[in-house]
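These are the residues of each chain, in order.
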Amino acid sequence: MIVPFGHVLALGVLLFLTGACGAMVRRELIMVLIGVEVMLNAAVLVFVAAALHWGQVDGQIFALFIIAVAAAEVAVGLALVLAARNRTGAASRDQFSSLRG
Amino acid sequence: MPTLLSFLLLLPLAGAVLQLCCHRLLPRRLLEVCACLAIGLSCLMAILAFVLSRGRTSSFALYQWIRVADFQASISILYDPAAAVMALMVTFVALLIHVYSVAFMAADKDYGRYFCYLNLFVFNMLVIVLAGDLLFLFLGWEGVGFCSYALIGFWYKENANCLAGGKAFILTRIGDVALLIALAIFLASGAGFSLSEVNHAAPALPPGRITLIGFLLLIAAAGKSAQLPLSVWLPDAMAGPTPVSALIHAATMVTAGVYLLIRLFPVLSLSPAAMTAVAAAGALTALYGAASALAQTDIKRVLAYSTISQVGYMVLGVGGGAIDAALFHLLCHACYKALLFLGAGCLIMACNDEHDIRRLGPGLRRRYPLLFWPFLLAIASLAGIPLTAGFFSKGSILAAAFGSQAAFPLLWWLLGSFTAYLTALYSFRLLYLVFFTSDHGKAGKRRPLPLTMTAVLWPLAVLALLGGLINLPLGTDSGWLTGFLQIAEEGRNHRVPELALGLLDALLALGGLGTAHLLFGRGRVREAIPGRALADFCRQGFGLDRLYQLLFAGPYRAVAAFLWQGVDVSLVDALLLLPGRFLSAAGGRCRLWATGRLTTSLHGFLLGVSLMLILVTLKIYGLW
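Sequence order sets the numbering: in each chain, residues are counted from 1 along the sequence as written. To label them, take the chains in the order written and letter them from A, then take the ligands in the order written and number them from 1. Totals for whole chains, interfaces and linings use every residue, but because this is a predicted model, local features are given only for residues with pLDDT of at least 70 and side-chain atom pairs only at 80 or more, for both listing and counting.

## Thoughts on the overall build of chain B
Spelled out, the test is: Under the DSSP-based scheme used, a helix requires at least four consecutive residues in state H or I and a strand at least two consecutive residues in state E, with every element numbered from the N terminus. Three exposure classes are used. Buried residues have 20 or more other C-beta atoms within 10 Å of their own C-beta, exposed residues have 12 or fewer, and partly exposed residues fall in between, all C-beta atoms being placed from the backbone. Remark: residues whose backbone-derived C-beta atoms lie within 7 Å of one another are considered to be in contact.
For chain B, the count of helices and strands is 26 helices and two strands. Expressed along its principal axes, the backbone C-alpha trace of chain B runs to roughly 130 × 70 × 55 Å. Split into buried and exposed, the 624 residues of chain B put 50% on the buried side. Pairs at least 24 residues apart make up 80% of the contacts formed inside chain B by residues separated by at least 6 positions.

## Thoughts on the packing of helix α13 (residues 272–293) of chain B against helix α19 (residues 409–435) of chain B
Residues and elements named next belong to chain B. For clarity, the threshold we go by: The axes are straight lines fitted to the C-alpha atoms, using for helices just the contacting stretch, and the angles between their N-to-C directions are given from 0 to 180°. Orientation is classified from the angle alone, with under 35 degrees giving roughly parallel, over 145 giving roughly antiparallel, 65 to 115 giving roughly perpendicular, and any other angle giving oblique. The hand of a helix crossing depends on one turn: near helix anticlockwise from the far one by less than a right angle means left-handed, and clockwise means right-handed. Under the scheme applied, nonpolar residues are Ala, Val, Leu, Ile, Met, Phe, Trp, Tyr, Cys and Pro; charged residues are Asp, Glu, Lys and Arg; polar residues are all the others, including Gly.
The contact between α13 and α19 brings their axes to 9 Å, and the two run at 25°. Considering the angle they form, α13 stands roughly parallel to α19. Judged by the twist between their axes, the crossing of α13 over α19 is left-handed. Contacts from Ala279, Ala280, Ala283, Leu284, Ala286, Leu287, Ala290, Ala291 and Ala293 in α13 reach Trp412, Leu415, Gly416, Phe418, Thr419, Leu422, Thr423 and Tyr426 in α19. Grouping the constituent residues of the contact of α13 with α19 by class yields 14 nonpolar, three polar and no charged.

## Here we look at the packing of helix α4 (residues 111–130) of chain B against helix α5 (residues 134–152) of chain B
Residues and elements named next belong to chain B. Look at α4 against α5: their axes get within 8 Å of each other, and the N-to-C directions meet at 150°. If you check the angle between α4 and α5, you find them roughly antiparallel. Between α4 and α5 the crossing geometry is left-handed. Listed contacts from α5 to Tyr117, Leu120, Phe121, Asn124, Met125, Val127 and Ile128 of α4 are Phe136, Leu137, Leu139, Gly140, Trp141, Gly143, Val144, Cys147, Ala150 and Leu151.

## Observations regarding the domain arrangement of chain B
Interface size is commonly expressed as the accessible area that is lost once the parts come together. Residue and element names in this part refer to chain B. Spelled out, the test is: Boundaries between domains were set according to an automatic or database domain assignment.
Considered domain by domain, chain B is made up of domain 1 (1–152), domain 2 (153–539) and domain 3 (596–624). For domain 1 and domain 2, the distance between their C-alpha centroids amounts to 23 Å. The partner domain 2 presents 48 residues to the 39 residues of domain 1 that form the contact. When contributions to the side of domain 1 that touches domain 2 are tallied by element, the ones reaching two or more residues are β2 (71–79), α3 (81–104), α4 and α5. Per element, the largest residue contribution to the side of domain 1 that touches domain 2 is 16 residues, and it comes from α3.

## Points about helix α18 (residues 389–402) of chain B
So the rule is basically this: Multiplying one less than the number of residues by 1.5 Å gives the expected span of a helix.
Compared with an ideal rise of 1.5 Å per residue, which puts 14 residues at 20 Å, α18(B) spans 20 Å between its outermost C-alpha atoms and is within 8% of the ideal. Counting buried positions along α18(B) yields 14 of 14 residues, so the element is predominantly enclosed.

## Observations regarding the environment of Tyr305(B)
All names here are of chain B. Along the polypeptide, tyrosine 305 turns up in helix α14 (residues 299–319). Classification of tyrosine 305 as buried rests on a count of 27 C-beta atoms within 10 Å. Taking C-alpha positions, tyrosine 305 is 8.4 Å from glycine 541, a pair spaced 236 residues apart along the chain. Beyond its immediate sequence surroundings of up to four residues, tyrosine 305 is in contact with Pro235, Gly289, Ser292, Ala293 and Gln296.

Structure representation (structure tokens):
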């Protein structure tokens, strides 16, 4: 591997934090979903790098699984966002507070 | 005889139960008739029993109440001559007052409760009168206390009435506790509870114990009969309806203490110290009551203090060793004082609830002659004008005090005689102020009186006038009542100059009348007592209320307030509330997290994940 493992890990952390911050601070539900996607991709990156580093294929399999899960998550998540929006007419997540009971 | 006496006792109870259960079902007129009928039949039984017994004593047990090893108490009746005349008096006066009440309470919607308590009271009073067992007697003793409490506070919507009821109840409780202790001592001495056994076993008891019992009985009697120092409840008890004051707080219940002393006289008479204390309490109370009555302006309070004073005479009679004189005065007093109270009820009703004797207004004598003449007779009897009942009964008590075995007989006699003068003075002050004010002033609105209310005064008036006949000392013989009570004559002091004492009594009574005429005749209204300070002192009953407030009620209230505010609220409650406060504050903090918003959940989630990751990292590098 040309790129040192440590650099890849640092990039992974950076990506993960970016996604997390995005998911946390953005109000629109779609932006939250995008933040979550970025976090998942950070994890994929770290898995692939680790697989290359140790010469084992497990990490790459995990990467495939995560891509599948991410696709499913986007499909379900977008459907939920749409449904919520149609129901209440609101796109900002702070307007959904019925969990409080 | 047992059947007769059981009916005599139980009819008023049946009446009370009927009032209790059916007062919403039956029409009002029927209930009133039933209430009067229960007492009337009871009175009939009392007359029959009186005639049939011919002075013989009969005692029997209705029901074995408690039986544990040697100890036994039963619902038993001891019908001796004293009980016979007492039962006669109680049922007769109660009957008249029931009839009077029907008219008096005509405007009141609460007649069911009223007649229930009134019947129940008569039952309890008869229990005291007839009981042959001290524990049974104690039941009645507490029962009359309860009925008195309930009837003083009958118009419970005014707080003052409830307070007066509570005051009466608490002060008589002090006497009740003393009686209970006396009963316990009887039990501990192995004398049992049966009256005849107690009286029989008393001479065998050690003298110290007898004296103790004597003092306890005196306290018990003082509580019920409003004697010093427990007298302060009676004037306040006038908050009740006037017929109640007549029946309970003048004629019957307040004499229960005297009757108890008469019943247990064989025990009491064994202790010279107790007898002296009884005589002293009676004489001082008589003086206290008369002096206080002289300054009152409320007609019912005049009569209340007069009752205290007259019951003091009876106690003095017991202390002087003459229970026949005491019982004689008790019977006469019941008649004329019931009359005075019923008359006062008529006056108050006629003048639209005016209680102040200076403002009852002119023209009452002309307007209500049917009321005036019985009232005059009762006043004369109370004052002890010669040849009325009161003259003879008071005279026999003063003679007994003069020749008594108690210490300082002359002192008690002097106090009693001076009181007799005061009695005449305040009685005629009342009469002059109410009936002899000048007719020129403007008369307020007057209401007509129902005939039943004035009619019941007449039998009492006849008794107030002629009641002296039952114990007239003719020549050297003692009177009928003394003979009927079968009192042993040997203990009596025969050196009493009865004729001279009688003349002196007559002079004192007439002197009181003369003084009253000089002071209040021709419509003059003024204080009877010279000096404003002294008059106020007497009007407030020698400041006893304030003294007790200062000595007992005040400190008690202070301690109670301290225990409440200082101990309960700021110590016990505060300690218990501490964990609660903590949990509540912690919960308040946690509540901030439960906003229900997605953001908060995400923040929490991310914070947790970060923490876990940091921990894992630290673990891996061996830093933690």
